[in-house]
Amino acid sequence: MYISIISGLFTYICVLLAVAFFTLFERKGLSYMQLRKGPNKVGLMGVPQPITDAMKLLTKEMVNPVMANWLPYYIAPIFSLVLAFLLWQLYPSMCACSYFKWGILFFLCVSGMNVYATLMAGWSSNSKYALLGSLRAIAQTISYEISMALVLLFPLFLIGSFSFIEVEEAQQLVWMSLLMLPMSIIWFVSCVAETNRAPFDFAEGESELVSGFNIEYGGAAFAAIFLAEYANILIMSVITSLLFLGGGHYFFSYYSHVVLMSKVLFLAFLFVWVRGSYPRFRYDLLMSLTWKSFLPASLSMLLVIGMASCFYF
């Protein structure tokens, strides 16, 4: 029991450190894409910048809106961070507390609850800007969750298991992304939209909503929402690597996590690259993309895979 608790705490500390330095990686990457330097004043080449940012956020005074519903107002950031940490229980490492036989089903259940944290944060702030931002984020998340769940059925049909470990082991000869490249692209775009990242960051329209559902938050509460968002980006990169890029299982045990983390780092860089390359979509084009393009394509391909599986078995 104590070993599980210590390993879980060690995993969460590593996740927090990874999130902190991923923000530095993103700021540096975007700055060089835009022909500027980025953070370079704090320490050597700005490396301690995430630590100073965390100290600044955690020591700032929290603003308490007078008209806010204080209980859900304070629960929403904690709930969002807890859900992000729950998803990291699926990471197949030696320090994991336990392994889920039904890990993919657990992932769908926990990721589907993120909308409640967004809804609580926007509604309890008692601000029109926060409420509009939360409604837009919820509509976007639910819409792209459908296409993401349908694409997730493809490896399940081919492998016949809900375990991430078995899905990873089944890709020793060929990656799923090579078998179904269009579906893997749809999955990645849905992941970008699911995490509210540019060019799908409609929860944070600066021209009309300032910062969206988290506009009334500051200090430690804003830091919790920020950590949850970036932790979700990293875990989506991990899950994408396990589902479509073979993970790192088929290499020697010493190098397996190095290979897995290399793939995760590449996918995380793709999130940054997309943000630095494309402007924000129009909202109607965003919804048309999933309902009129991704959904029919996923259903059609799923029908083909289902019929092929029935004939095979």
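These numbers come from a predicted model, not from an experiment.

Quick word on the pattern of salt bridges
Okay, step 1: Scanning the model with the defined rule gives five salt bridges in all.
Okay, step 2: Close ionic contact of R275 with E26 constitutes a salt bridge, the shortest N to O distance being 2.7 Å. Residue R275 is found in helix α11 (residues 253-277), and its partner E26 is found in helix α1 (residues 2-33); the two are separated by 249 residues along the sequence.
Okay, step 3: Its relative accessible area of 36% is what places R275 among the partly exposed residues.
Okay, step 4: The exposure class assigned to E26 is buried, which follows from its relative accessible area of 3%.
Okay, step 5: A cluster of three or more residues bridged by salt bridges with shared partners is formed by E26, R197 and R275.

Things to note about a nonpolar patch on the surface
Okay, step 1: Taken together, the side chains of I13, L17, F21, L44, M45, V47, I51 and M55 present a nonpolar region at the surface, about 810 Å² in accessible area.
Okay, step 2: Elements with a contribution of two residues or more to the nonpolar patch: α1 and α2 (49-59).
Okay, step 3: Considering each element in turn, the nonpolar patch owes the most residues, three residues, to α1.

What to know about the packing of aromatic side chains
Okay, step 1: Going through the model one piece at a time under the given rule, you end up with 15 aromatic pairs.
Okay, step 2: On the numbers, 4.8 Å between centres and 50° between planes, the contact of F226 with Y230 is tilted. Within this pair, F226 and its partner Y230 are both found in helix α10 (residues 219-244), separated by four residues, close to a single helical turn.
Okay, step 3: An aromatic cluster is built from F22, F25, F222, F226, Y230, F269 and W273, whose rings are joined through pairwise contacts.

Some remarks on the UniProt feature "transmembrane region" (unreviewed entry) in the protein chain
Okay, step 1: When the UniProt feature table is mapped onto this chain numbering, "transmembrane region" (unreviewed entry) sits at residues 5-25, 71-91, 103-124, 144-165, 172-190, 220-245, 252-274 and 294-312.
Okay, step 2: Across residues 144-165, helical content stands at 82% and strand content at 0%; the span's end C-alpha atoms are separated by 25 Å.
Okay, step 3: Taken end to end, residues 220-245 is 96% helix and 0% strand, and its two terminal C-alpha atoms sit 36 Å from one another.

Considering helix α6 (residues 128-159)
Side chains of residues three or four places apart in an α-helix project in the same direction, reflecting 3.6 residues per turn.
Okay, step 1: For α6, spanning 32 residues, the distance from its first C-alpha to its last is 47 Å, which sits close to the expected 46 Å at 1.5 Å a residue.
Okay, step 2: At the C-terminal side of α6, G160 shows a positive phi close to 75°.

With respect to unusual backbone geometry
Okay, step 1: At the junction of A198 and P199, the peptide bond is cis and its omega measures out at 5° in the coordinates.
Okay, step 2: Of note, P199 is situated in the loop between α9 (181-194) and α10.
Okay, step 3: With phi around 55°, N126 is a residue other than glycine that occupies positive phi space.
Okay, step 4: Looking at the element boundaries, N126 is found in the loop between α5 (114-124) and α6.
Okay, step 5: A residue is classified by how much of its surface remains accessible, and N126, at 46% relative accessible area, is partly exposed.
Okay, step 6: Of note in the backbone geometry, N196 takes a positive phi value of approximately 60° without being a glycine.
Okay, step 7: Residue position: N196 is located in the loop between α9 and α10.

Reading guide: rules and limits
Residues numbered from 1 in each chain as written. Predicted model: local features only at pLDDT ≥ 70, side-chain atom pairs only at ≥ 80, totals over all residues. Heavy atoms only, no water. Salt bridge = Lys/Arg side-chain N within 4 Å of Asp/Glu carboxyl O. Helix = DSSP H or I, 4+ residues; strand = E, 2+ residues; numbered from the N terminus. Buried < 20%, exposed > 50% of the residue type's maximum accessible area, 1.4 Å probe, protein only. Patch = residues over 30% accessible without salt bridge, like charges linked within 9 Å, V, L, I, M, F, W, Y side chains within 5 Å. Areas by Shrake-Rupley, 256 points an atom, 1.4 Å probe, with all protein chains shown as cover. Phe/Tyr/Trp six-rings, centres within 6.5 Å; stacked < 30°, edge-to-face > 60°. UniProt positions renumbered as here; feature names shortened; annotations may be inferred. Expected span 1.5 Å × (residues − 1).

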